[in-house]
Amino acid sequence: MSEAIDASSIMSMLRKRLDTVDVTVDSRETSEVTQVGDGIAYVAGLRTAMAGELLQFTSSATGKVVYGLAQNLDADRVGAVLFGDVSAIKEGDECRATGRVMDIPVGRAMLGRVVNPLGEPIDGLGPIVTTHHRPIEFKAPGIMARQPVCEPVQTGLVAIDAMVPIGRGQRELIIGDRKTGKTAIAIDAIINQRNSDMVCIYVAIGQKASTVAAIRETLARHGALEKTIIVSATAADSAPMQYIAPMAGAAIGEFFMYNDADGNPADAEHPGGHVLVVYDDLSKQAVAYRQMSLTLHRPPGREAYPGDIFYLHSRLLERACKLSDANGAGSLTALPIIETQEGDVSAYIPTNVISITDGQIYLQSNLFFQGQRPAVDVGISVSRVGGSAQVKSMKKVAGTLRLDLASYREKQAFAQFGSDLDEATQYQLNHGAHMMELLKQKRYAALDVADQVIAIYAAKEGFIDDVDLENVIAFRDGLTASMQTGYDELRAKIRAGILDDAVSEELNGIIAEFKDDFLALNPNRAQLDVESAAEETVEAEDQA
């Protein structure tokens, strides 16, 4: 006989089943789009929306989801910028508040890949599997969470490592007119990190897609792509995408800085990573932000830029730092690039970024067209970290290099108006010209810091003063090759910062021996003139 069913048994069974049910209620405020155009959408209501909140738009026609970023919080509507396929969203489409700030996927799987500012791969090599997310806007660490910048970032370029050194955690601006080699310096610096422990991130803002593809190919050819992440917002992308590109690059870099090699939070026992981020360039980000702001009907300020353009760049660049040992001692080094118009460094955006950063590498058009590559103007270029970011041996040999070159440039200008020069002035002009020639470097021809120190030492001690100018680079490269073949122990000492009397004496002997062999194969013009005159004298005596 079956068991009788009554009300109490039914209630007991229902209670048991209800106890096992685990549900959550997701409440979101929903509204609709009232106006859309130029990548900007205005949404009615959304009274709980926050500034910088991620908004979810759904197309009523196709069901496609597009995300946006809340920017203007007006009394009766919210102004948002759209990312992705902005043409899919029309008036009347649904908009929901997500309750979270905008973030992007980050992780080591991104190494060697090209992604857009949303963290999506655009290189055709398949999806990227990541396990972490980071907000694109993140508060920079405070003073107590940092430590002084004291470790060098070697670019491999003599003119920079000797006179404008860059340290891990520093913000060093690269500034100059277009086509003066700004990107070339940044790419050389990235390539020079291929054997270091630094992860590199190159953020392309408003560049041509072909330019980004060429940079990717260059990095791959020189073995640096596997340690580099390229974030690309090309000129064809919308202004909002170009606006968030640098912040996306900083967020990806912060993942490596704030976490150890296993992806766990860094601390004293689990050191964080070291990152080099290149923002190429912030001038175009400022233009994109100006376009967004004017479309959102924000009041224009100087040069039509919005009033918070300084705050935009400052909160981005403040994220570059050297963390304290208790926080893992990771670092994020920023190399922002700014393009000037006709060398006008007093324009709005250049002066803003100069005041935010810890120094600038100024590239001069005149030097570039004269064949001085890299075209670093030592008079304006400066690093506010200075010798703290140099090995001791480099600091010792390059201490007076800037003053020597500045004195040379000054005397060179006056020498154009006079012909009778005393011996001391002639010596300084000749020595300065040889030093300037020594600083020339081709693309992708980075020098190890030990080889840089040896080259500058040879120049300071006068070994190259009687070498013809056109042979100075050949002398430097030959000396470098000679040192690399048989003097590894000596180079290791110099790389460790040792340049005492014993090392100097050994260097003097090696360089003098190399110079004799070099001049035997490449005699200078003065020596040839003496020999020619002697031959003519002997020939005249024979005829007599």
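In this report, the structure presented in the accompanying data block is examined. Computed from a prediction, not measured in an experiment: that's the story for all the values here.

Let us look at the environment of Ala250. Tracing the backbone through its elements, the reader meets Ala250 in helix α5 (residues 239-258). A relative accessible area of 0% means that Ala250 is categorised as buried. The spatial distance from the C-alpha of Ala250 to the C-alpha of Asp76 is 34 Å, given a sequence separation of 174 residues. Ala250 has contacts with Tyr279, Leu316 and Arg319, leaving out every residue within four places of it along the chain.

What follows covers the sheet that holds strand β8 (residues 114-115). Reading across the sheet, the eight strands line up as β8-β12-β11-β13-β14-β10-β15-β16 and stay open at both edges, with mixed pairing between neighbours. The two strands at the open ends of the sheet, each matched to only one other strand, are β8 and β16 (382-383). Against the sheet, helix α6 (residues 282-295) touches β11 (198-205), β13 (274-280) and β14 (331-340), its axis set at about 75 degrees to β14.

It is worth spelling out the pairing of strand β6 (residues 94-101) at this point. Looking along a regular strand, one sees the side chains alternate between the two faces of the sheet. Bridging between strand β1 (residues 30-37) and β6 involves three bridges; their strand directions are antiparallel. Within the sheet, the bridge partner assigned to Ser31 lies in β6 and is Cys95. In the sheet, strand β3 (residues 53-58) pairs with β6 via five bridges, with the strands oriented antiparallel. Along β6, the bridge assignment pairs Gln56 with Arg96.

Hydrogen bonds along the backbone pair up the strands of a sheet, which may run parallel or antiparallel. Pairing is antiparallel in the closed barrel, where six strands are placed in the order β1-β2-β5-β4-β3-β6. On average, each strand axis in the sheet is inclined to that of its neighbour by 45 degrees, with strand direction left out of account. Bridge count for β3 against strand β4 (residues 65-73) is five bridges, and the pairing is antiparallel. Along β4, the bridge assignment pairs Leu55 with Gly68. Its contacts with the sheet put α6 on β2 (40-44), β4 and β5 (77-82), and the angle it makes with β2 is roughly 35 degrees.

Taken N-terminus to C-terminus, the directions of α6 and helix α7 (residues 309-317) make an angle of 135 degrees; their axes are 11 Å apart at the nearest point. Regarding the angle of α6 to α7, the classification is oblique. Crossing of α6 over α7 shows right-handed handedness. Of α7, the residues touching α6 (which contributes Leu282, Gln285, Ala286 and Tyr289) are Ile309, Leu312, His313, Leu316 and Leu317.

Further remarks concern the packing of helix α12 (residues 423-438) against helix α13 (residues 449-460). Each pair of packed helices gets described by two things: the angle between the helix axes and the distance between those axes. For the pair α12 and α13, interaxial distance at closest approach is 10 Å and the crossing angle is 170 degrees. Considered as vectors, α12 and α13 are oriented roughly antiparallel to each other. In this structure, α12 meets α13 at a crossing whose hand is right-handed. Note on element contacts: α13 touches α12 through Ala455, Ile456, Ala459 and Lys460, opposite His431, Met435 and Leu438. When grouped by side-chain class, the residues that make up the contact of α12 with α13 number five nonpolar, one polar and one charged.

All right, on to the pairing of strand β12 (residues 228-233) then. Counting buried residues along β12, six of its six residues qualify, which places the element largely inside the surrounding structure. Of the two faces of β12, the one carrying Thr228, Ile230 and Ser232 and the one carrying Ile229, Val231 and Ala233 are both buried. Across two bridges, the pairing between β8 and β12 is parallel. Its bridge partner lying in β12, Val115 is registered against Val231. Viewed along the sheet, the connection from β11 through helix α4 (residues 209-221) into β12 turns out right-handed.

Scoring rules and cut-offs
- Residues numbered from 1 in each chain as written.
- Predicted model: local features only at pLDDT ≥ 70, side-chain atom pairs only at ≥ 80, totals over all residues.
- Heavy atoms only, no water.
- Helix = DSSP H or I, 4+ residues; strand = E, 2+ residues; numbered from the N terminus.
- Buried < 20%, exposed > 50% of the residue type's maximum accessible area, 1.4 Å probe, protein only.
- Contact = heavy atoms within 4.5 Å.
- Pairing = 2+ DSSP bridges.
- Axes fitted to C-alpha atoms, helices over the stretch in contact; angles between N-to-C directions.
- Parallel < 35°, antiparallel > 145°, perpendicular 65-115°, else oblique.
- Left-handed = near helix turned anticlockwise from the far one by under 90°.
- Nonpolar A, V, L, I, M, F, W, Y, C, P; charged D, E, K, R; others polar.
- Right-handed = clockwise from strand over helix to strand, strands pointing away.

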